[in-house]
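# Examining the three-dimensional arrangement
Each chain is listed here by its residues.
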Amino acid sequence: MDIAELGASALSGGLLGTLGTALGRVTGYFERRAELGQERERWTHELQLEEMRARNAVSAADSQRATALQSSRFEALEESLRGDAALESGYAWVSAVRALVRPVLTPLLWLLYLIVFFAVMNGTADHFIADELEAEFVGYFIGNIAFTASAATLWWFGDRARPLPRH
């Protein structure tokens, strides 16, 4: 074996070693890229899970809030009915007058609302109110009558019906 063969062997071995190292690096790059892809997928999945947990927690809190609100409404209605029951008088005529207040007052409120509304729309209310205050007063007046009439209708008749006796 001469020096040229020895040098060629060393050179080819070095080239092969360098090529093996480069190939190892290239494969390592692709392996690392695959590992990072898996990590990215794992973190994306965990992020989605955390977002889902957060949405579920918000949904649960909203549900609890709605339940508490509905519960407080029922408690208020129960207290109102209990208060109505406590008002029962020993005199039949007092109970009869009290029972007539709601059915008479509510249509009267709506009638008052319609009278004012049509008086304003027809211009017959102009001589009662100064021109500079008319729009503000009429808006305030109609708003309050509408509020009172709708509150009377919905409160007195909407949710306060007494349960029918069961036979």
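Okay, so let's go over this structure. (Residues numbered from 1 in each chain as written. Predicted model: local features only at pLDDT ≥ 70, side-chain atom pairs only at ≥ 80, totals over all residues. Heavy atoms only, no water.)

### Quick word on the overall build of the chain
Looking only at helices and strands, one finds 3 helices and 0 strands in the chain. Traced from its N-terminal end to its C-terminal end, the chain shows the element sequence α-α-α. Per-residue burial for the chain yields a buried fraction of 11% across its 167 residues. In the chain, of all internal contacts separated by at least 6 residues, the share reaching a separation of at least 24 is 75%. (Helix = DSSP H or I, 4+ residues; strand = E, 2+ residues; numbered from the N terminus. Buried < 20%, exposed > 50% of the residue type's maximum accessible area, 1.4 Å probe, protein only. Contact = heavy atoms within 4.5 Å.)

### Concerning the nonpolar core
With 5 residues, the main nonpolar core is built from Tyr113, Val116, Val138, Ile142 and Ile145. Mapped onto this core, the elements with two or more residues apiece are α2 (92-122) and α3 (131-158). The element best represented in this core is α3, accounting for 3 residues. (Core = buried A, V, L, I, M, F, W, Y, C linked by side-chain atoms within 4.5 Å.)

### A few points about the pattern of salt bridges
Applying the stated criterion across every chain yields a total of 5 salt bridges. A salt bridge links Glu35 to Arg32, with the shortest nitrogen-to-oxygen separation between them at 3.4 Å. Of this pair, Glu35 and Arg32 both sit in helix α1 (residues 3-86), 3 residues apart, which is roughly one turn of that helix. Residue classification places Arg32 among the partly exposed positions, given a relative accessible area of 47%. Its salt-bridge partner being Arg53, residue Glu50 comes within 2.5 Å of it at the nearest N-O pair. Here the residue Glu50 and the residue Arg53 both occupy positions in helix α1, the gap between them amounting to 3 residues, near one helical turn. Salt bridges sharing partners connect three or more residues here, namely Glu39, Arg42 and Glu46. (Salt bridge = Lys/Arg side-chain N within 4 Å of Asp/Glu carboxyl O.)

### Observations concerning a nonpolar patch on the surface
On the surface, Tyr91, Trp93, Val97, Val101 and Leu105 cluster together to form a nonpolar patch covering roughly 540 Å² of accessible area. One can find Val101 in helix α2. Judged by relative accessible area, which is 41%, Val101 ranks as partly exposed. (Patch = residues over 30% accessible without salt bridge, like charges linked within 9 Å, V, L, I, M, F, W, Y side chains within 5 Å. Areas by Shrake-Rupley, 256 points an atom, 1.4 Å probe, with all protein chains shown as cover.)

### Quick notes on α2
When the terminal C-alpha atoms of α2 are compared, their 45 Å separation across 31 residues agrees well with the 45 Å that a helix rising 1.5 Å per residue should span. At Val101, α2 shows its maximal bend, which comes to roughly 30°, and the proline Pro103 appears one to four places after that position. Along α2, the positions that sit buried rather than exposed are Thr106, Leu109, Tyr113, Val116 and Ala119. Downstream of α2 by a residue or two, Gly123 has a phi angle that is positive, lying close to 85°. (Expected span 1.5 Å × (residues − 1). Bend = angle between axes of the 7 residues up to and from the residue.)

### Details of the packing of aromatic side chains
Considering all chains together, one arrives at 1 aromatic pair under this definition. Relative to Phe30, the ring of Tyr29 lies with its centre 5.2 Å away and its plane at 70°, an arrangement referred to as edge-to-face. You can call Phe30 partly exposed: its relative accessible area is 48%. Between Arg42 and the ring centre of Trp43, over which it is positioned, the NZ or CZ distance is 5.1 Å. (Phe/Tyr/Trp six-rings, centres within 6.5 Å; stacked < 30°, edge-to-face > 60°. Lys NZ or Arg CZ within 6 Å of the ring centre and 35° of its normal.)

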